[in-house]
Amino acid sequence: MPTALITGITGQDGSYLADFLLGKGYNVVGMVRRTSTVNFHRVQHIQDKITLVPGDLGDQISLIHILEEYKPDEVYNLAAQSFVQTSWNQPVFTGDVTGLGVTRVLDAIRIVDPKIRFYQASSSEMFGKVVEVPQRETTPFYPRSPYGVAKVYGHWITINYRESYDLHATSGILFNHESPRRGLEFVTRKITYHVAQIKLGLINELSLGNLDARRDWGFAGDYVQAMWLMLQQEKPDDYVVATGETHSVEEFLTEAFGYVNLDWRDYVKQDPRFMRPAEVDLLVGDPSKAGRKLGWEPSVTFSELVKMMVKADLDMLRNGQVAM
Ligand code: NAP
Ligand code: F7E
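Presented here is a report on the structure given in the accompanying data block. Owing to the predicted nature of the structure, the values given are computational and were not obtained by experimental measurement.

Analysis parameters
- Sequence positions are assigned chain by chain, starting from 1 and proceeding in written order.
- Labels are handed out in written order, letters beginning with A for the chains and numbers beginning with 1 for the ligands.
- With the structure being a predicted model, the display of local features is reserved for residues of pLDDT at least 70 and the display and counting of side-chain atom pairs for 80 or more, all residues being used for whole-chain, interface and lining totals.
- Based on all heavy atoms of the structure, the side-chain values leave hydrogens and waters out of the count.
- Each helix is a run of DSSP H or I of at least 4 residues and each strand a run of E of at least 2, with the numbering of both proceeding from the N terminus.
- In this description the radius of gyration comes from C-alpha coordinates, and the expected globular size is given by 2.2 Å times residues to the power 0.38.
- Exposure is judged per residue with a 1.4 Å probe applied to protein chains only, and the accessible area is read against the type maximum: over 50% gives exposed, under 20% gives buried, and values in between give partly exposed.
- Residues are treated as being in contact if the distance between any of their heavy atoms lies within 4.5 Å.
- Positive charges come from Lys and Arg, negative ones from Asp and Glu, while His and the chain ends are left out of the count.
- By convention, charge coordinates are those of NZ in Lys, CZ in Arg, CG in Asp, or CD in Glu.
- Pairing between strands is defined by DSSP: at least two bridges between them are needed.
- Axis lines are fitted to C-alpha atoms, over the contacting stretch for helices. Their N-to-C directions set the angle, which ranges from 0 to 180 degrees.
- Each residue is tested against the molecule or strand, and it is near if at least one of its non-hydrogen atoms lies within 4 Å.
- What qualifies as a polar contact is a pair of N or O atoms within 3.5 Å, subject to a donor-acceptor requirement within protein and to the restriction that residues adjacent in sequence count only when both atoms come from side chains.
- In this description, accessible areas are obtained by the Shrake-Rupley approach with a 1.4 Å probe, and a residue is regarded as covered only by the protein chains that are shown.
- Throughout, the ten residues Ala, Val, Leu, Ile, Met, Phe, Trp, Tyr, Cys and Pro are labelled nonpolar, Asp, Glu, Lys and Arg are labelled charged, and all others, Gly among them, are labelled polar.
- For this document, the term salt bridge refers to a Lys or Arg side-chain nitrogen within 4 Å of an Asp or Glu carboxyl oxygen.
- These domain boundaries are the output of an automatic or database domain assignment.
- In a helix, the anticipated span is given by 1.5 Å times the number of residues less one.
- One fitted axis covers the seven residues ending at a residue, a second covers the seven starting there, and the bend at that residue is the angle between these axes.
- Here, the term right-handed applies to a crossover whose path from the first strand over the helix to the second runs clockwise when the strands point away from the viewer.

1. Describing the overall build of the chain
Consideration 1: Counting its secondary structure elements, the chain contains ten helices and 13 strands.
Consideration 2: What you see for the chain is a C-alpha radius of gyration of 19 Å, in line with the 20 Å of a compact globule of 324 residues.
Consideration 3: For the chain, with 324 residues in total, the buried portion stands at 54%.
Consideration 4: Restricting to contacts in the chain with at least 6 residues of sequence separation, those with at least 24 account for 77%.
Consideration 5: Distance between charge centroids for the chain: 1 Å, based on 33 positive and 40 negative side chains.

Next up, the structure:
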C-alpha cells in the first residue's frame, strides 16, 4: 500500500485529495499545524482512516522528522497562506510559508529520501497581469500580489530541485477551483453562502469588491485527480489545470441568485474594503497538455458548480449547521 503525505490536509484541496487517495488504496498521512481550536471539520468524515501528524511549513525539523517516520512515496505540498487579499497585510509571512516553505519540503525530501515524488501547488495567480490569452505552461509570469510572487518562487524552486538533484518534483499550475468546502472568504463561497442566507430571510445584503474580474473556475474534486495523475507519470513536468472557460464575478452572481429566483442587483453593495491594491483582471487557462498527457478533463460545468455550492449552503443552513 503506497503512502502519501499531504501538507494542508485541513484545507479544501487537502480534504478532497485525501478522499481521492483513500479511494485508490493509499495510506494517507496529513500534516496539521498547531492551532488553539480544532479545525478538522473538512476531514472529520475520514478521520478514522487517515493519520494526522503535527508539523509546520515554517519548521524544517518537523518536516524532516515526518518524512523519516512515515516514509511516504508521494508528498503533496498543498499547505500555504492561500488568500490573496491577506498577502498584502502579511507579505513577509506569506513569502515565508507559501514561498520558502516549498524549499523546506524539497530539502527535507533531498535529505531523507530523494526518491519521494513531490507535487507543488502552483497557481494561475503567477500569470497575474497576463501577457498571453489563454495562459499555458510556457506563458511568462507577471504576479500581481505578494501571494503570486511567493508562488512564482515556489514554482521555480521546484523546477530547480528537479534539475539540481534529479527529484521527481512536479508543479501543477491550477486555476481557481471551488466547492462546498471552499473557505468562506473566497468570492465564490462568500456569494453562495450569502445567497443561501438571503433566500432563507436571514440577511438582506452582500458586500463585494470588483465585480468585473474574470476567472477560470472549476470543481476542486476534479482538480485533485489531476494532481495524482501528475505524480504517476514517469517523468516530472509542469501542467496547467483549468476548464478553458472564463466568467466574471458578475456572471457568478447572476447564476447563484438566479438559482434561487432572485436578482443580485437587489442585494449586492460594492465596498472598497474588498478592492485589491493590484487586481488580476482576466484568467483563462489552456488545459490541453493535461488532456493530452494525463488524459484529464473537467467533469463539472460552471453552471453545475454554482448550483452545487448554493444547494450545499442552503442544505447546511436548513439543517441548522454552522458554516466553516
Ligand atoms: P486552503 O483551503 O486555504 O488550505 C490551505 C492549507 O494550508 C490549510 O490546511 C492550512 O491549515 C495549511 N497551512 C497554512 N499555513 C500552514 C503552515 N505554516 N504550515 C502547515 N500548514 C499550513 O487552500 P486550498 O484552496 O485547499 O489550496 C491548496 C493549495 O493550492 C494552496 O497552496 C493554494 O495556494 C494552492 N492553490 C489553490 C487554488 C484554488 O483555487 N483553490 C488554485 C491554485 C493553487 P489550517 O487549516 O490550519 O489553516
Ligand atoms: O477572488 C474578486 C477578487 O479571493 C476572486 C485562491 O485560491 O485562486 C484564489 O485566488 C476574484 C478577485 O480568489 C470580492 O478581487 C470581488 O478578482 O475568490 P478570490 P483569487 O484571488 O482568484 C487562486 C488561483 C489561488 O491560487 C488562490 O490561493 O473575486 N472579488 N469581490 C472578491 N474576492 C473576495 N475574496 N471577496 C470579495 O468580496
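2. Considerations on the sheet that holds strand 11 (residues 238-241)
Consideration 1: Taken in spatial order, the seven strands of this open sheet run 3-2-1-4-5-6-11, and their pairing is parallel. One side of each edge strand has no neighbouring strand; the edge strands of this open sheet are strand 3 (51-54) and strand 11. Each strand of the sheet is rotated relative to its neighbour by a mean of 20°, with strand direction disregarded.
Consideration 2: With five bridges joining them, strand 1 (residues 3-7) and strand 2 (residues 27-32) adopt parallel strand pairing. Within strand 2, the position partnered with Ala4 by the bridge is Val28.
Consideration 3: Contacts from helix 1 (residues 12-23) reach strand 1, strand 2 and strand 4 (74-77) within the one sheet, and its direction differs from that of strand 1 by about 170°.
Consideration 4: Docked against the sheet, helix 5 (residues 146-165) engages strand 5 (117-123), strand 6 (169-174) and strand 11, running at close to 155° with respect to strand 5.

3. With respect to the site of ligand 1
Consideration 1: Lining the immediate environment of ligand 1, one finds 25 residues, of which Thr10, Asp13, Arg33, Ser82 and Tyr147 sit closest.
Consideration 2: At 2.6 Å from an oxygen atom of ligand 1 is found a side-chain nitrogen or oxygen belonging to Ser82.
Consideration 3: Computed on the free molecule, ligand 1 has an accessible area of 900 Å², of which 90% lies beneath the protein chains in the complex.
Consideration 4: Among the elements of the structure, helix 1, strand 5 and helix 5 are those that each provide at least two residues to the shell around ligand 1.
Consideration 5: At three residues, strand 5 tops the list of elements feeding residues into the shell around ligand 1.
Consideration 6: In terms of residue class, the shell around ligand 1 is built from ten nonpolar, ten polar and five charged.

4. Details of the pattern of salt bridges
Consideration 1: Enumeration over the complete set of coordinates arrives at 17 salt bridges.
Consideration 2: With a closest N to O distance of 2.9 Å, Asp313 and Arg189 form a salt bridge. Separated by 124 residues along the polypeptide, Asp313 in helix 10 (residues 302-318) and Arg189 in helix 6 (residues 187-199) bring together distant segments of the chain. Each member of the pair, Asp313 together with Arg189, is buried.
Consideration 3: Put simply, Arg215 and Glu279 hold a salt bridge, and the shortest N to O gap is 3.6 Å. Of the two residues, Arg215 is situated in strand 9 (residues 214-215) and Glu279 in the loop between strand 13 (268-270) and helix 9 (288-294); the sequence distance between them amounts to 64 residues.
Consideration 4: The exposure class of Arg215 is buried, given its relative accessible area of 7%.

5. Remarks on the site of ligand 2
Consideration 1: In the vicinity of ligand 2 there are 22 residues, among which Ser82, Ser123, Tyr147, Arg276 and Glu279 approach most closely.
Consideration 2: Note that an oxygen atom of ligand 2 is positioned 2.6 Å from one of the side-chain N or O atoms of Tyr147.
Consideration 3: When ligand 2 sits alone it has 700 Å² of accessible area, and the protein chains cover 96% of it.
Consideration 4: In terms of residue class, the shell around ligand 2 is made up of nine nonpolar, six polar and seven charged.
Consideration 5: Counting contributing residues per domain, the shell around ligand 2 is built from domain 1 (3-177 + 217-241) and domain 2 (183-216 + 245-283 + 300-318), each supplying no fewer than three.

6. With respect to helix 4 (residues 91-112)
At 3.6 residues per turn, the α-helix brings residues three or four places apart onto the same side.
Consideration 1: End to end, helix 4 covers 30 Å across 22 residues, agreeing with the expected 32 Å (1.5 Å per residue, within 8%).
Consideration 2: Along helix 4, the sharpest change in direction is near 40° and occurs at Leu100.

7. Topic: the pairing of strand 5
Consideration 1: In terms of burial, strand 5 is a largely internal element, six of the seven residues being buried.
Consideration 2: Taking the sense of rotation as the criterion, the β-α-β connection linking strand 5, helix 5 and strand 6 turns out right-handed.

8. As for the environment of Gly30
Consideration 1: Residue position: Gly30 is located in strand 2.
Consideration 2: Each residue touching Gly30, except ones within four places of it in the same chain, is listed here: Ile6, Ile9, Thr51, Leu52 and Val53.

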